[in-house]
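A closer look at the structure
Here's the letter readout for the chains.
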Amino acid sequence: MTALEQALAAWGSYDRDDPFPLFAEVRQRGAVHGVTLADGHDAWLVVRHSEARAALNDPRLSKDMQAALASGGKVVAEGLPGPAFARHMLVVDPPDHTRLRRLVAAAFSVRRIEGLRPHVQTIVDDLLDEVAARGPASRVDLVESFAFPLPFTVICELLGVPEPERPALGLELTALLTPTSTPDEFARAKRASDAVVEMLSTLVEAKHHSPGDDLVSALISARDGDERLDQRELLSTIFQLIVAGHDTTASLIGNSVVALLRDPEQFAALRADSAKISAAVEEFLRYDAPVPHATFRYALEPVELGGVTIPAGAQVIINLASANRDADHYADPEALDVDRTDARHLAFGHGIHFCLGAPLARMEGQLALDTLLHRFPQLRLAVPSEQLHWGHGDGLVLRGLSELPVIAGPDLTRR
């Protein structure tokens with residue numbers, strides 16, 4: 001069995017620190033491949049841009065895994081926390097998806113998000129003040145001190161999580177999202193999952209009795225005609241928002257910083273012109289997608305894609321990170337280029353499941369990176385680049401740095 005065949009026979013167990021050479025090899029061999037997941041489930045993997053974009057918007061590829069399981073489909077069931085938190089818009093099809101997304105979108109408006117910009121800038125500044133206070137020669141974990149607390153603080157404030165409860169929730173979410181490979185590790189994740197379920201259930205109960213100007217209160221009262229979110233949908237949606245609202249953005253910030261520190265010319269080019277930051281964030285999303293694979297789908301009927309027929313009932317995985325480096329769609333796709341003009345990507349998905357939180361993630365990424373680069377122009381890695389490890393997340397749908405040790409250098413705002 002060749003190395004490629006071994007990789008396809010245990011998809012997801014590849015080198016998380018640098019999966020892109022494998023993605024390129026698989027992409028070169030074809031657009032769609034049969035694979036076996038690390039847990040033994042069979043699936044079909046989509047790796048090229050055109051086919052990935054088509055698959056993301058194909059109604060024959062269902063997101064409703066519970067329906068697939070109920071009909072005897074051999075697909076991966078929902079992970080932790082389990083069925084009670086598995087009824088949100090990412091895992092249902094129309095018409096339920098249409099209803100749920102409309103209800104959530106009403107409380108997650110662009111106006112509400114843009115109104116947060118000055119406050120998010122304040123959070124960015126406060127966190128970087130703490131980094132600066134450690135001294136220019138101190139070693140700092142930029143994930144722990146900046147990339148994680150920024151989006152976590154923002155989503156907690158959006159949802160209305162009381163400030164005293166945030167540290168415990170953050171610790172439990174980190175434990176829940178840490179990969180497990182042994183019974184003891186799974187038991188640890190299950191304890192964390194149970195704690196998160198209890199915390200969010202308590203939050204919903206409190207907002208029922210004392211609503212405020214926050215997203216949980218808005219979701220409780222959100223209506224679409226005579227419809228509203230039931231309790232299971234409400235809890236599932238809040239869980240989805242808090243995970244998607246912090247974990248992926250933390251990975252976006254961390255991955256972007258690493259990409260810049262590995263390429264000083266790009267670092268200098270971006271720092272020299274703040275007007276480039278919006279386009280640069282799109283390039284970072286293309287170059288190292290924080291969500292390397294879309295959440296799973298399964299075929300309701302045979303689907304022809306890239307010259308391959310995916311059989312009915314088969315599980316389908318769309319490799320966003322691979323699609324975003326497809327040479328048939330991008331010039332010099334393996335290079336980071338903050339001046340790229342063709343950086344439109346699939347990092348947020350495509351079609352009806354396009355990420356609802358994309359405007360928030362973009363805004364947080366822009367403010368975080370622009371401020372960091374201008375305050376700390378001598379920022380550098382505190383360890384050799386090859387010692388960095390992407391050990392946070394499940395490695396398949398979520399991929400983030402375990403830590404990012406840096407030396408910040410002098411802060412230009414402190415003269």
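The structure this text deals with has already been given above.
Nothing here was measured: the structure is a model prediction, and the numbers come from that model.

Next up on the list: the overall build of the protein chain. For the protein chain, the helix and strand inventory stands at 17 helices and 10 strands. Against the globule reference of 22 Å for 415 residues, the protein chain gives a C-alpha radius of gyration of 21 Å, in line with a compact fold. In terms of overall dimensions, the protein chain has a C-alpha envelope of 65 × 60 × 45 Å along the principal axes. In the protein chain, buried positions account for 54% of the 415 residues. By sequence separation, contacts in the protein chain at least 24 residues apart represent 72% of the contacts at least 6 residues apart. Here the protein chain displays about 17600 Å² of accessible surface, and carbon together with sulfur accounts for 53% of that area. Looking at the protein chain, you have 39 positive and 58 negative side-chain charges, and the mean spots of the two groups are 2 Å apart.

Scanning the entire structure with this criterion turns up 16 salt bridges. In this structure, Arg286 and Glu283 form a salt bridge, with 2.8 Å as the shortest nitrogen-oxygen distance. Here Glu283 and Arg286 lie together in helix α15 (residues 277-287), a separation of 3 residues that amounts to about one turn. One exposure class covers both Arg286 and Glu283, and it is buried. One connected set of salt bridges, linked through shared partners, spans Arg27, Arg325 and Glu334.

On to the nonpolar core. Judged by nonpolar contacts, the single largest core of 133 residues is most densely connected at Trp11 and Leu404. Considering every element that reaches this core, the biggest residue donor is helix α13 (residues 231-261), with 14 residues. Setting aside residues up to four positions removed in sequence, Leu404 forms contacts with Val140, Asp141, Leu142, Val143, Gly254, Val257, Val258, Leu381 and Leu388.

A separate point is the sheet that holds strand β3 (residues 61-62). With mixed pairing, the 5 strands of this open sheet are ordered in space as β1-β2-β8-β5-β3. Both edges of this open sheet fall to β1 (32-36) and β3, since each of them pairs with a single strand only. Here β1 pairs with strand β2 (residues 42-46) via 5 bridges, running antiparallel. From the neighbouring strand, Val32 faces β2, where its bridge partner is Val46. Here helix α3 (residues 49-56) sits on the sheet and contacts β2, β3, β5 (297-299) and β8 (315-318); the angle it forms with β8, its principal contact strand, is near 125°.

Okay, the packing of helix α7 (residues 117-133) against helix α9 (residues 149-159) next. It is the contact of α7 with α9, at a shortest axis distance of 10 Å, that shows an interaxial angle of 140°. One finds that α7 runs oblique with respect to α9. Of the two possible hands of crossing, α7 and α9 adopt the one that is right-handed. Contacts between α7 and α9 pair His119, Val120, Ile123, Val124 and Leu127 from the former with Pro149, Leu150, Thr153, Val154 and Glu157 from the latter. Residue composition of the contact of α7 with α9, by class: 7 nonpolar, 2 polar and 1 charged.

Before going further, it helps to examine α9. With 9 of its 11 residues buried, α9 lies for the most part within the structure. Taken together, the buried positions of α9 are occupied by Pro149, Leu150, Pro151, Phe152, Val154, Ile155, Cys156, Leu158 and Leu159. One or two steps after α9, the chain reaches Gly160, where phi turns positive at roughly 90°.

Another point: the packing of aromatic side chains. For the structure shown, the criterion picks out 6 aromatic pairs. With centroids separated by 5.4 Å and ring planes inclined at 85°, the aromatic side chains of Tyr14 and Phe23 adopt a geometry described as edge-to-face. With centroids separated by 5.2 Å and ring planes inclined at 20°, the aromatic side chains of Phe148 and Phe152 adopt a geometry described as stacked. For the pair shown, Phe148 and Phe152 are each scored as buried. Across the ring face of Phe20, the terminal group of Arg325 is positioned such that the distance to the ring centre comes to 3.6 Å. Against the face of Tyr287 rests Arg325, its NZ or CZ located 4.1 Å from the ring centre.

This next bit is on the packing of α15 against helix α17 (residues 358-375). Closest axis-to-axis distance for the α15/α17 pair is 9 Å, and the angle between their directions is 110°. Viewed along their axes, α15 and α17 adopt a mutual orientation that is roughly perpendicular. Contacts from Ile277, Ser278, Val281, Glu282 and Phe284 in α15 reach Arg362, Gly365, Gln366, Leu369 and Asp370 in α17.

The subject of this paragraph is the environment of Asp214. Within the secondary structure layout, Asp214 lies in the loop between α11 (183-209) and α12 (215-221). For Asp214, a relative accessible area of 6% corresponds to the buried category. A C-alpha to C-alpha distance of 28 Å links Asp214 and Leu142, two positions 72 residues apart in sequence. Not counting residues up to four positions away in its chain, the partners in contact with Asp214 are Arg112, Leu158, Leu159, Gly160 and Lys207.

Next up on the list: the sheet that holds strand β10 (residues 405-407). One open sheet holds the 3 strands; their spatial order is β4-β10-β9, and the pairing between them is antiparallel. Strand pairing shows two members of the sheet lacking a second neighbour, β4 (139-141) and β9 (380-381), which therefore form its edges. Bridge analysis of β4 against β10 gives 3 bridges, and the strand direction is antiparallel. For Arg139, the partnering residue across the bridge sits in β10 and is Ile407.

What counts as what
Residues numbered from 1 in each chain as written. Predicted model: local features only at pLDDT ≥ 70, side-chain atom pairs only at ≥ 80, totals over all residues. Heavy atoms only, no water. Helix = DSSP H or I, 4+ residues; strand = E, 2+ residues; numbered from the N terminus. Rg over C-alpha atoms; globule rule 2.2 N^0.38 Å. Buried < 20%, exposed > 50% of the residue type's maximum accessible area, 1.4 Å probe, protein only. Contact = heavy atoms within 4.5 Å. Areas by Shrake-Rupley, 256 points an atom, 1.4 Å probe, with all protein chains shown as cover. Lys, Arg positive; Asp, Glu negative; His and termini not counted. Charge placed at Lys NZ, Arg CZ, Asp CG, Glu CD. Salt bridge = Lys/Arg side-chain N within 4 Å of Asp/Glu carboxyl O. Core = buried A, V, L, I, M, F, W, Y, C linked by side-chain atoms within 4.5 Å. Pairing = 2+ DSSP bridges. Axes fitted to C-alpha atoms, helices over the stretch in contact; angles between N-to-C directions. Parallel < 35°, antiparallel > 145°, perpendicular 65-115°, else oblique. Left-handed = near helix turned anticlockwise from the far one by under 90°. Nonpolar A, V, L, I, M, F, W, Y, C, P; charged D, E, K, R; others polar. Phe/Tyr/Trp six-rings, centres within 6.5 Å; stacked < 30°, edge-to-face > 60°. Lys NZ or Arg CZ within 6 Å of the ring centre and 35° of its normal.

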